[in-house]
Amino acid sequence: MKIKDILQEKTPHISFEVFPPKTDAGFASVLSATEQIAALNPSYMSITYGAGGGTSKNTVNIASYIKDKLGVTSLAHLTCVSSTKEHVNRVIEELKKQGIENILALRGDIPKDSDFPLPNQYKYASELVAEIRSKGDFCIGAACYPEGHVDTEHKNDDIHNLKTKVDCGVDFLTTQMFFDNPIFYNFLYRIREAGIEVPVVPGIMPITKGSQMKRTLEMSGTVLPQRFRDVLDRFGDDPKAMQQAGIAYATDQIIDLFANGINHVHVYSMNNPDVARAIMHNLSDIVKNG
């Protein structure tokens, strides 16, 4: 099923993200986590794609397994950083062969001390979107950044770039994580004013470890509201308390989003079935998945 059709539904839905193992040795544990999350009947599951295409084979395999064996719609990530155009196109053809209808097209994080782009690489996600669109009847998602992309100085430029990307053939957008819902609502208003009309799925990350926060901030550049800083200060050194508090905070964000007319939320559950299960338990009478 195409995600753009799922996003037309008007009842609250949750989807989850999983990431493939970096080596084949970790495949079994990731598959177990994937099966447990799929058992929660998410509206779909996304599968990330490692830098340099290092996990691209497992991305395709897991996406196919989720769709064919677990009966859940799958969304395969595809990035163009550190991959040649030839490699990217081979992956697109393999996704088509496996019957994967949904692709999330991303530029990816540029590795430090790297010459990018090389002549045989796509420079922008918009170029990747256009290439995927030319290769078949895929449903194409792309990323957006409510607080602005870390590589873009001015938010208006970021929205202009997003409009360019969407116009290349994007069917829906998924946001970078954020921890303050008014930031998302303001972003949604601004992109609608700019003529971007595709569905936007907010991405929520439950922070369950104090140590997780530093890396998250470095990667995303997101702003922490004082309310969440207080949670970290109080519970960050107590693993069990922090997990419970992080899940509660994410649940509160999701409920607020649903209450304000957002019908689909994507959860970055970090391959943790316990976190995904707790989120779904908290929303058991709200979410209409399955």
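With that settled, consider helix α4 (residues 85–97). Between its first and last C-alpha atoms α4 spans 18 Å; for 13 residues at 1.5 Å apiece the expected length is 18 Å, and the two agree. Of the residues making up α4, those classed as buried are H87, V88, N89, V91, I92 and L95. On its buried face, α4 sits against α3 (56–68), β3 (74–79), β4 (102–106) and α5 (125–135). Phi turns positive, to about 75 degrees, at G99, one or two residues after α4.

Moving on, we come to the layout of surface pockets. Here the second largest pocket is characterised by a volume of approximately 240 Å³. Looking at the second largest pocket, it is lined by 14 residues, and the ones nearest its centre are L7, P199, V200, N263 and H264. For the lining of the second largest pocket, the elements supplying multiple residues, two or more each, are α7 (181–193) and β7 (200–201).

Before going further, it helps to examine helix α2 (residues 27–38). Under the 1.5 Å per step criterion, the end-to-end length of α2 is 16 Å for 12 residues, consistent within 8% with the ideal 16 Å. All of the buried residues in α2 are V30, L31, A33, T34, I37 and A38. Around the axis of α2, the buried residues are gathered within 160 degrees of arc, so they sit on the same side. For α2, the exposed residues lying more than 90 degrees away from the buried face are A28 and S29. Each element contacted by the buried residues of α2 is listed here: β1 (13–18), β2 (45–47), α3 and α11 (273–282).

Right, let's talk about the environment of R133 for a bit. Structurally, R133 is set in helix α5. R133 gets classed as partly exposed once you look at its relative accessible area, which sits at 29%. Residues R133 and V170, 37 residues apart in the sequence, show an inter-C-alpha distance of 8.6 Å. In contact with R133, other than residues within four places in its own chain, are F138, I140, C168, G169 and D171.

This brings us to the nonpolar core. Side chains that are nonpolar tend, in soluble globular proteins, to be buried together. Core analysis: the largest hydrophobic core is formed by 61 residues, its most contacted members being I14, L78, I132, L173 and I254. The element that contributes the greatest number of residues to this core is helix α10 (residues 239–259), accounting for 5 residues. Residues within four places of L173 in sequence aside, it is in contact with A142, A143, C144, L162, V166, I196, V198, P199, V200 and V201. Counting residues in each nonpolar core, the second largest holds 13 residues, with M205, M213, F228 and M242 among its members.

Taken together, the 9 strands give an open sheet; going across it, the order is β7-β6-β5-β4-β3-β2-β1-β9-β8, and neighbouring strands pair in parallel fashion. Every other strand in the sheet has two partners, leaving β7 and β8 (203–204) as the edge strands with one partner each. Inspection of the sheet shows β3 paired to β4 by 5 bridges, in the parallel sense. Looking across to β4, one finds that L75 is bridged to N102. Across the sheet, helix α6 (residues 155–167) lies against β5 (139–144) and β6 (172–175), angled at about 175 degrees from β5, the strand it touches most.

This model, assessed by the stated rule, comprises 4 aromatic pairs. When the centroid spacing of 5.4 Å and the interplanar angle of 5 degrees are considered together, the rings of F178 and F184 count as stacked. By the burial criterion, F178 is buried, and F184 matches it. With centroids separated by 5.1 Å and ring planes inclined at 25 degrees, the aromatic side chains of F179 and F228 adopt a geometry described as stacked. Here the residue F179 occupies a position in the loop between β6 and α7, and F228 occupies one in helix α9 (residues 226–235), the gap between them amounting to 49 residues. The two residues F179 and F228 agree in class, both being buried. Members of the aromatic cluster, connected to one another through ring pairs, are F178, F184 and Y185.

Okay, the packing of α2 against α3 next. Packing of α2 against α3 brings their axes to within 11 Å, and their N-to-C directions diverge by 35 degrees. Note on packing geometry: the crossing formed by α2 with α3 is right-handed. Contact residues: F27, V30, L31, T34 and E35 in α2; N58, I62, Y65 and I66 in α3. When grouped by side-chain class, the residues that make up the contact of α2 with α3 number 6 nonpolar, 2 polar and 1 charged.

Rules used in this analysis
Position labels on residues start from 1 in each chain and follow its written sequence. Totals for whole chains, interfaces and linings use every residue, but because this is a predicted model, local features are given only for residues with pLDDT of at least 70 and side-chain atom pairs only at 80 or more, for both listing and counting. Only hydrogens and water are set aside; all other atoms, that is, all heavy atoms of the structure, feed into the side-chain values. Where helices and strands are cited, they refer to DSSP runs of H or I of at least four residues and of E of at least two residues respectively, numbered from the N terminus. Here the expected length of a helix is defined as 1.5 Å per residue gap, with one fewer gap than residues. Buried residues are those whose accessible area, probed at 1.4 Å on protein chains only, stays under 20% of the maximum for their type, while exposed residues exceed 50% and partly exposed ones sit between those limits. Note on definitions: a residue-residue contact is assigned when non-hydrogen atoms from the two residues lie within 4.5 Å. A cavity here means a set of points on a 1 Å grid, drawn over the protein atoms and nothing else, where a 1.4 Å probe fits but cannot get out; a pocket is an open set with protein on both sides within 12 Å along at least five of seven lines, and a residue lines either one if it has an atom within 4 Å of a point. Grid points are joined across faces, edges and corners, and a volume is the space filled by probe spheres set on the points. The arc in question is the one traced by the directions running from the helix axis out to the C-beta atoms. Note on terminology: a nonpolar core comprises buried Ala, Val, Leu, Ile, Met, Phe, Trp, Tyr and Cys residues joined through side-chain atoms within 4.5 Å. In short, DSSP must find at least two bridges between two strands for them to pair. Lines fitted to the C-alpha atoms define the axes, with helices restricted to the stretch that makes contact. Angles between their N-to-C directions range from 0 to 180 degrees. Pairing of aromatic side chains here covers Phe, Tyr and the six-membered ring of Trp, requires ring centres within 6.5 Å, and sorts the geometry by plane angle: under 30 degrees stacked, over 60 edge-to-face, intermediate tilted. Handedness of a helix crossing follows the sense of rotation of the near helix relative to the far helix, less than a right angle counterclockwise being left-handed and clockwise being right-handed. Put simply, Ala, Val, Leu, Ile, Met, Phe, Trp, Tyr, Cys and Pro go in the nonpolar bin, Asp, Glu, Lys and Arg in the charged bin, and everything else, Gly too, in the polar bin.

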